[in-house]
There are 2 protein chains.
Amino acid sequence: MRLPKQVRIVEVGPRDGLQNEPQPISTADKLQLIDYLVDAGLTSIEAASFVSPKWVPQMGDATEVMQGVRAHAGVTYSALTPNIKGLQAALAVGVQEVAVFGAASESFTQKNINCSISESLERFAPVVSQAQAAGVKVRAYVSCVMGCPYEGEIAPAKVAEVSDLLYQMGCYEVSLGDTVGVGTPYKTQAMLEAVSARVPMDKLAAHFHDTYGQALVNLYAALNMGVAVIDASVAGLGGCPYAKGAAGNVATEDVVYLLQGLGIETGIDLAKLSTAGAFISQVIGRSSRSKVGLALAASAAH
Amino acid sequence: MRLPKQVRIVEVGPRDGLQNEPQPISTADKLQLIDYLVDAGLTSIEAASFVSPKWVPQMGDATEVMQGVRAHAGVTYSALTPNIKGLQAALAVGVQEVAVFGAASESFTQKNINCSISESLERFAPVVSQAQAAGVKVRAYVSCVMGCPYEGEIAPAKVAEVSDLLYQMGCYEVSLGDTVGVGTPYKTQAMLEAVSARVPMDKLAAHFHDTYGQALVNLYAALNMGVAVIDASVAGLGGCPYAKGAAGNVATEDVVYLLQGLGIETGIDLAKLSTAGAFISQVIGRSSRSKVGLALAASAAH
């Protein structure tokens, strides 16, 4: 056991969460959510995606969102930029940090962006270099790290290879995504062992989905291996695009409860975070997917 | 790490689950659920509670349920018997195993059954001895092992003391209940260390509620300490009586997924278990609280 003393949470609800919610959310509501999240102590917030609104209408207001967020010392708002066009739009509104989204699965990459993993990396290279030239940090996502909706098992060596190439390309952090939530503690350990042999552990983040309810237990396994950055989505925003009705991102509230119980600092106020979760759940018109959120709301009502 | 090779799951959905569901369920539906559970491979099923229907109307058909369950080699149906009257009714219909329900919290015991812990143990003693005289095994529940809805923190030493007294009384197994789901991995370790110093680990079961989404991670901590019996409730049946709208028992499907991922044998067929969960969710008219159940249903529909 070598649990980290501190963990940085990257809040992905406004982007990865809301892009997988069927309901359209107004820009004002997104900005209100982001304000709540900052108030709760979150310092890394992925706020938008500069992707074609034809493909992801939920993110069609990326420019307005990034123009609307309020500056706070120590708070970084990032945006996904899948290509040069997206990057240019992001740079035009002064985005501080961007992210590229790769995968460790050939079939997923083919179905998602119609090219091989190697071609996808070639496409990311100019996005990363132009962002860096503009003084903007780049984060990398590697999806399907513990399984793929199309080809099933993914070899840890493949995750390590793709992660290393993105890290060598200049990405400052690689977020390892269990996109379909099929991970187990042993798979988590094997995958992290392989990746951390090539990319330093302190440059890795765990981005686990809770589709099969296993996200926290896998995060606990990851924490015990030294991972100290966790992606999460307030209220468990976002579903699973590969299984309609199933859960997506792990809920930030539930992750924070786990970390608090382990004596790990996050700088986050759980009660305020639950307020953020309750707000956005009401906006999208369904109950929170965070068990902590539901329990705290029930206690408050009691 | 000393994970067990095999885990026995005690399915408590028909009792602990359904007694906390507001909707009345017909005896026929309960029996159908139990048939599905047996078909899925469950061998320990808590099927009813011989408690006053004035207090728990959901369990008013305990006699009919216990008369209706079908005998299968290797399958045990048990029932909660809070007092001598309940025990006599259970014995009258040939129940094979009964359970008594204590707590490690003085305030909880006062509010729940209006006496001290010590008085509660005095009341259980004749239930245990008369059951044993009739050749019926007795299981003990100790609730509030990681926190109490009324007094908060509970000392591990108190849990150990109550567990030991129930074990010495003749209960063959002590099920340790995190009744309000406030446990953490560290609390789980501390509690189990204290209890297993007095009651052998192979006589202990973990009965964790998922109110704050932490049940699986706490079960993982318990498994790593050698616990090999887990209580769970199909579809996550049952809510939290102390926080309306919050989750109760951990879902059996999610526990089985965890155990399968750890290479631990349970003898349970996950697909058939999900069928049981889907059936009872439809009966009570809400979606399953098992993430595995939701994900498998979504995949099947896809």
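An unreviewed UniProt entry annotates chain A as hydroxymethylglutaryl-CoA lyase of Allopseudospirillum japonicum. Here is the UniProt Catalytic activity (unreviewed entry) comment for chain A, exactly as written: "(3S)-3-hydroxy-3-methylglutaryl-CoA = acetoacetate + acetyl-CoA". According to the UniProt record, the Sequence similarities (unreviewed entry) comment for chain A reads "Belongs to the HMG-CoA lyase family."

Q: Mind showing me how you'd approach the interface of chain B and chain A here?
A: Frequently, the measure chosen for interface size is the accessible area that the parts lose on association. Tallying the contact residues gives 35 residues for chain B and 35 residues for chain A. For the pair chain B and chain A, the two sides together bury roughly 2,900 Å², of which 64% comes from carbon and sulfur. Considering only the side of chain B, the residues that lose the most area to chain A are Tyr212(B), Tyr257(B) and Lys291(B), jointly responsible for 23% of the buried surface there. At the junction of chain B with chain A, the criterion picks out two salt bridges. As a salt-bridge pair, Lys291(A) and Asp210(B) come within 2.6 Å of each other at their nearest N and O atoms. Where chain B touches chain A, the interface holds six residue pairs in polar contact (both at pLDDT 80 or more).

Q: Quick question: what am I supposed to make of the UniProt feature "domain: Pyruvate carboxyltransferase" (unreviewed entry) in chain A here?
A: The UniProt entry lists residues 7-274 of chain A under the feature "domain: Pyruvate carboxyltransferase" (unreviewed entry), expressed in the numbering used here. Between the end C-alpha atoms of residues 7-274 of chain A the distance is 19 Å, and the span holds 41% helix and 19% strand.

Q: Explanation requested: helix H9 (residues 215-224) of chain A in the structure shown.
A: Given 3.6 residues to a turn, an α-helix orients residues that are three or four positions apart in the same direction. With ten of ten residues buried, H9(A) is to be regarded as a mostly interior element. Downstream of H9(A) by one or two residues, Gly226(A) has phi in the positive range, about 105 degrees.

Q: Is there a simple way to think about the sheet that holds strand S3 (residues 76-80) of chain A in this case?
A: For sheets, the rule is that strands pair by backbone hydrogen bonds, running either parallel or antiparallel. Residues and elements named next belong to chain A. With respect to topology, eight strands assemble into a closed barrel ordered S1-S2-S3-S4-S5-S6-S7-S8, the strand pairing being parallel. Strand after strand, the sheet turns through a mean of 25 degrees between neighbouring axes, direction not considered. Note that strand S7 (residues 204-208) and strand S8 (residues 229-232) share two bridges and pair parallel. Within the sheet, the bridge partner assigned to His-207 lies in S8 and is Asp-231. This element, helix H2 (residues 27-39), spans strand S1 (8-11), strand S2 (44-49) and S3 of the sheet and lies at about 165 degrees to S2.

Q: What is the right way to look at the packing of aromatic side chains in this model?
A: Two aromatic rings are characterised by how far apart their centres lie and by the angle between their planes. Counted under the stated rule, the structure contains nine aromatic pairs over all chains. When the ring of Phe108(A) is compared with that of Tyr150(A), the centres are 6.3 Å apart and the planes differ by 35 degrees; the resulting orientation is tilted. Within this pair, whereas Phe108(A) is found in helix H5 (residues 106-113), its partner Tyr150(A) is found in the loop between strand S5 (137-143) and helix H7 (156-169), the two being separated by 42 residues in sequence. Arranged with centres 5.2 Å apart and planes meeting at 50 degrees, the rings of Tyr36(B) and Phe279(B) form a pair that is tilted. Residue Tyr36(B) is located in helix H2 (residues 27-39), and its partner Phe279(B) is located in helix H11 (residues 270-284); the two are separated by 243 residues in the primary sequence. On the accessibility criterion, Phe279(B) (15% relative accessible area) is buried. Lying across the ring of Tyr141(A), Arg15(A) places its NZ or CZ 5.6 Å from the centre. The lysine or arginine in question, Lys111(A), covers the ring of Tyr150(A), its NZ or CZ lying 5.0 Å from the ring centre.

Q: Any chance you could explain unusual backbone geometry here in plain terms?
A: Glycine aside, the phi torsion of most residues is negative, and most peptide linkages are trans. All names here are of chain A. Positive phi values are uncommon outside glycine, yet Asn-114 reaches one of about 60 degrees. Topologically, Asn-114 is positioned in the loop between H5 and helix H6 (117-133). Even without being a glycine, Ala-235 presents a positive backbone phi close to 65 degrees. Inspection of the secondary structure assignment puts Ala-235 in the loop between S8 and strand S9 (239-240).

Criteria and cut-off values
Residues numbered from 1 in each chain as written. Chains lettered and ligands numbered in written order. Predicted model: local features only at pLDDT ≥ 70, side-chain atom pairs only at ≥ 80, totals over all residues. Heavy atoms only, no water. UniProt positions renumbered as here; feature names shortened; annotations may be inferred. Contact = heavy atoms within 4.5 Å. Buried area = accessible area lost by both parts, 1.4 Å probe. Salt bridge = Lys/Arg side-chain N within 4 Å of Asp/Glu carboxyl O. Polar contact = N/O pair within 3.5 Å; in protein donor to acceptor, adjacent residues only side chain to side chain. Helix = DSSP H or I, 4+ residues; strand = E, 2+ residues; numbered from the N terminus. Buried < 20%, exposed > 50% of the residue type's maximum accessible area, 1.4 Å probe, protein only. Pairing = 2+ DSSP bridges. Axes fitted to C-alpha atoms, helices over the stretch in contact; angles between N-to-C directions. Phe/Tyr/Trp six-rings, centres within 6.5 Å; stacked < 30°, edge-to-face > 60°. Lys NZ or Arg CZ within 6 Å of the ring centre and 35° of its normal.

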